[in-house]
Amino acid sequence: MIQDLPPRLPEVVVTGARLPPAAGEAAFSVIRLGTDDLRSRQRLDEALATVPAVSLFRRTSSLAANPTTQGISLRAIAPSGAGRTLVTLDGVPLNDPFGGWVIWSQVPTESLSGLDIVRGSGAGPYGAGALTGVISLRERDAGSELDASIAERGGARLAGSGGTHVGPVRIVASGLYETSDGYVPVRGAVAGAADTPLDLEVRSAAVRADLPVAAAVLSLRASAFEEDRGSGLAGARATASGNLLSATAAVQPLADRPGWRLQAWRRESDLANTSVAVSADRASTTPANDQFETPATGWGVNAALRRVIVSGVARVEWELGADARFNDGETHELFRYMAGAFTRSRVAGGETSVAGVYAEGAWTSGAWLVAGGLRYDGWRNANGHRLERDLASGLPTLDETDADRSGQVVSARLGARRDISGGQALRLAAYTGFRPATLNELHRPFRVGNDLTEANAALEPERLAGVEAGWAWTDDRASLTATAFWNRIEDAVVNVTIGQGPATFPRAGFVPAGGVLRQRRNAGTIEATGIELDGRFELTDALFLRAALSATDARVDGGAQAPQLTGLRPAQAPIWSAVAGVDWRPADRLSLAADLRWESRRFEDDLNSRVLDAAGTIDLRAEWTMTPSAVLWIAADNLFDAEIETAETGTGVASFGPPRTFSAGVRLSL
């Protein structure tokens, strides 16, 4: 069930080392997903997509998405492969240190107790990367769950999470294994022998130890993941892997003492990604690029001090904090395939860092909640380099060293909420935020089919300013919420078309017929105006309805950098997005659910020349409770086998999302 965050959040004792959600969050646009929402979806990004206008960069889930397109988007303001949303697990960022995307298989839904989606720029405790919002995940503390399932086209999945006590120490562990033979994304008469399935094999595991230390809890966590997947064309594959270590100590705030959190983390990741050129008849492919490794490291620290003061009917909560994140990495590639062999090599990368301090506060008195925060950050890009060599002679063909760059950003947010009669509430909020470019955007050129995109080491951070107003109504069996917002992104990072093939370009090289050359640029501004509606209705004790709608009209002003984009919509940004569902329990042991997701057309490219038609799917799920701890389930995704366009080439060849898929499984829980 999707819930609007209540105006007051109770302070709760948790097993893991974390502070409770801040009281001030209720002044902003927050959607909470609980265990029931997560349990009905096998992939975390699919659970998030039950909220309108929340999706990966393209119209597909992590079942089939290349790692470089797994960046999450909120509000359809301007989706990107890097993602404009910060994703955290108990405070630790999950965004990749090289590319900013999130490998969703590293966090199985069974390992979580819930999550919050904060829509709107996140200043305060979130900082860099929270341009269009934050997704805050909470790892499971209690209980155990195991889910085993099979699906069409060779699909099989086993995932679980559980905890136990070893003396005073609590151990929580989770794991996932999934495999699929996949589906072919290009279908019909245009498909050729070069079109292959999007097969998949993923593994992930995590373990956490919670140790009591005086009044504090110390949580030590380690995790690792690996996924290998086909890219839909013969010879094109992607492999992503990584590990994460974190240590967190926290004390809960009480009436007579402040609470605090200290956290340190270190992440390593790697990506191997091969791309190919496709013949005009799609009968064959030719190697185009072999990105055989992309080692990257990210690490960071953060600290927070929180105090709660209650005086009569008034409650004041304040938090002071600081954080710092550091990333370094580089891509190692072979390219320029000629006469049956690669003839050039490339090493490109650098370092990025951002550090900041912040102050947050919330005041509650009677029907009023007022919250706000101020943040100061410094960012730096350093040691940028790109070296390309001729493999036969060993001589450099391109040797560039980028100048170090740095800057400062001040961001803030302010919100107010007022409870009025009849279970209603009004709120108003304003905010700013920023996102520095990733190492991938700064330094790594890439290729998809016959389309090439160049990097740009001169990218400036994106900055967002926004305002929004909301209304909410709640009673015992129903709730409605409505939000209207306006956002403006300055220096938006956009893949700008600068040439078409067949042609040879400086730096990029040869672009085949039907392909285009793009470059990442700070292409002016993007303005977005939108509304969000959400409703829940408990018609009877056994019948529950839910529906939500998002409409976002985002437009680009390319300015002097890209005047050809002025008036167009950002790539991959639909205007309309809607979800609806019904949950019905016709018998004590039987539960039925139907879910609808629909969105209007979107554009594949910056020039709005490649149109992806409007699309909708219906999913069904039935659960039979065999025992209090065992549930048998069956599901049909995309029941009517709708063709969901996910991409389109310059020659008009479309790729599609997964066809109708039947699956079945058993869930055990304690």
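A.B. asks: Report on the pairing of strand 14 (residues 237-251), specifying residues and quantitative values.
C.D. replies: Looking at chain direction, strand 13 (residues 216-230) and strand 14 are connected through 14 bridges and run antiparallel. Of the residues in strand 14, the one forming a bridge with arginine 221 is serine 246. The hairpin formed by strand 13 and strand 14 contains 6 residues between the paired strands, and glycine 232 there has a positive phi angle of roughly 90°. Direction of pairing for strand 14 relative to strand 15 (residues 259-278): antiparallel, over a ladder of 14 bridges. Across the sheet, asparagine 243 pairs through a bridge with glutamate 268, a residue of strand 15.

A.B. asks: Which residues make up the packing of aromatic side chains, and what values do they have?
C.D. replies: According to the stated counting rule, one finds 2 aromatic pairs in the structure shown. Aromatic side chains tryptophan 299 and phenylalanine 326 sit 4.5 Å apart centroid to centroid with 20° between the ring planes, which places their arrangement in the stacked category. On the criterion of sequence distance, the pair formed by tryptophan 299 in strand 17 (residues 296-311) and phenylalanine 326 in strand 18 (residues 314-338) is long-range, its members being 27 residues apart. Looking at tryptophan 299, the relative accessible area reads 39%, which means it is partly exposed. On the basis of relative accessible area, phenylalanine 326 is assigned to the partly exposed category, the value being 29%. Above the face of the phenylalanine 28 ring, arginine 413 is positioned so that its terminal group lies 4.3 Å from the ring centre. Above the face of the tryptophan 633 ring, arginine 621 is positioned so that its terminal group lies 4.4 Å from the ring centre.

A.B. asks: Got a sec to walk through the sheet that holds strand 28 (residues 493-500)? Specific residues and values, please.
C.D. replies: Taken together, 4 strands build an open sheet; the order of strands is 24-25-31-28 and the sheet is mixed. Looking along the sheet, the strands with just one partner apiece sit at the ends: strand 24 (446-448) and strand 28. Strand after strand, the sheet turns through a mean of 25° between neighbouring axes, direction not considered. Alignment of strand 25 (residues 451-454) against strand 31 (residues 516-522), held across 3 bridges, turns out to be parallel. Residue pairing for strand 31: threonine 453 is matched across the bridge by arginine 518.

A.B. asks: Before we move on, can you summarise a nonpolar patch on the surface with the specific residues and values?
C.D. replies: On the surface, Ile309, Val316, Trp363, Trp368, Val370 and Leu414 cluster together to form a nonpolar patch covering roughly 520 Å² of accessible area. Looking at the secondary structure, you find tryptophan 363 in strand 19 (residues 341-365). By relative accessible area, tryptophan 363 is classed as partly exposed at 37%.

A.B. asks: Go over the nonpolar core with me, naming the residues and quoting the values.
C.D. replies: Nonpolar side chains tend toward joint burial in soluble globular proteins. In terms of nonpolar packing, the biggest core is built from 26 residues, with Leu44, Leu48, Leu115, Ile117 and Leu137 touching the most fellow members. Sorting the residues of this core by element identifies strand 2 (29-33), helix 2 (44-48), strand 3 (54-56), strand 4 (72-74), strand 5 (86-89), strand 7 (112-119) and strand 8 (133-139) as the ones contributing at least two each. When neighbours within four sequence positions are excluded, leucine 115 is seen to be in contact with Ile31, Arg32, Leu33, Leu38, Leu44, Leu48, Ile135, Ser136, Leu137 and Arg138. Core analysis: the next-biggest nonpolar cluster, separate from the first, contains 16 residues, Leu464, Val496, Ala523 and Leu565 among them.

Here is what the cut-offs are and how they apply
- Residues numbered from 1 in each chain as written.
- Predicted model: local features only at pLDDT ≥ 70, side-chain atom pairs only at ≥ 80, totals over all residues.
- Heavy atoms only, no water.
- Pairing = 2+ DSSP bridges.
- Helix = DSSP H or I, 4+ residues; strand = E, 2+ residues; numbered from the N terminus.
- Phe/Tyr/Trp six-rings, centres within 6.5 Å; stacked < 30°, edge-to-face > 60°.
- Buried < 20%, exposed > 50% of the residue type's maximum accessible area, 1.4 Å probe, protein only.
- Lys NZ or Arg CZ within 6 Å of the ring centre and 35° of its normal.
- Axes fitted to C-alpha atoms, helices over the stretch in contact; angles between N-to-C directions.
- Patch = residues over 30% accessible without salt bridge, like charges linked within 9 Å, V, L, I, M, F, W, Y side chains within 5 Å.
- Areas by Shrake-Rupley, 256 points an atom, 1.4 Å probe, with all protein chains shown as cover.
- Salt bridge = Lys/Arg side-chain N within 4 Å of Asp/Glu carboxyl O.
- Core = buried A, V, L, I, M, F, W, Y, C linked by side-chain atoms within 4.5 Å.
- Contact = heavy atoms within 4.5 Å.

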